[in-house]
Each structure stands twice: as C-alpha cells, then as structure tokens.
Amino acid sequence: MIVQTEYLYHIKDEFFDIIQDENLMTNHECGKKRPTYFTIKDNDILWFIPLSSKSRKISKNKRE
C-alpha cells in the first residue's frame, strides 16, 4: 500500500491487536467506527493525525 499525504485513512483492526498502546485512540470505541487519521509529511516522517469530533473528551482523558 502506498500511503499518500493529505488523505484520510482508517487503520485496520489488526494494527490495534498488534500495537497495544493505551495512548492511541481506541478502535471501535463504544460500538462506533474506527478513528479517522489525516496524513501529512514532515521531511522524512509521515504523520498520522487522529481526527475526532470529541476533542474535549480526548484532551480531558489525557490530563487524567
């Protein structure tokens, strides 16, 4: 798969099965769909930025 910048992506369930990181947005949280990620490139780094309409909830959980 060729990942392109400035596109939206959904990450497969298998990724979340392999990468057990509690700091990542959870997949299918509360029966909802996968989180959406926007891609940008900074030099040689490809960033996947999570998009969410629940930004207040996410920032609140990070502070706890």
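To be clear, the structure that these remarks concern was listed above.
Here the structure is a predicted model, which means the values were calculated and not measured.

A few points about the environment of Y9
Now for step 1: With respect to the element layout, Y9 can be found in strand 1 (residues 8-10).
Now for step 2: According to the relative accessible area criterion, Y9 is buried, its value standing at 14%.
Now for step 3: Measuring from C-alpha to C-alpha, the distance between Y9 and I49 comes to 9.7 Å, with 40 residues separating the pair along the chain.
Now for step 4: From its side chain, Y9 meets the backbone nitrogen of Q4 in a polar contact 2.9 Å long.

Side note on the sheet that holds strand 3 (residues 45-51)
Now for step 1: Strand order in the open sheet made by the three strands is 1-2-3, with antiparallel pairing throughout. Looking at the sheet topology across the chains shown, the edges are occupied by strand 1 and strand 3. Each strand axis lies, on average, 40° off the axis of its neighbour in the sheet, ignoring direction.
Now for step 2: Bridge analysis of strand 2 (residues 36-42) against strand 3 gives seven bridges, and the strand direction is antiparallel. Bridging across to strand 3, I40 finds its partner in W47.

The rules we used
Residues numbered from 1 in each chain as written. Predicted model: local features only at pLDDT ≥ 70, side-chain atom pairs only at ≥ 80, totals over all residues. Heavy atoms only, no water. Helix = DSSP H or I, 4+ residues; strand = E, 2+ residues; numbered from the N terminus. Buried < 20%, exposed > 50% of the residue type's maximum accessible area, 1.4 Å probe, protein only. Polar contact = N/O pair within 3.5 Å; in protein donor to acceptor, adjacent residues only side chain to side chain. Pairing = 2+ DSSP bridges. Axes fitted to C-alpha atoms, helices over the stretch in contact; angles between N-to-C directions.

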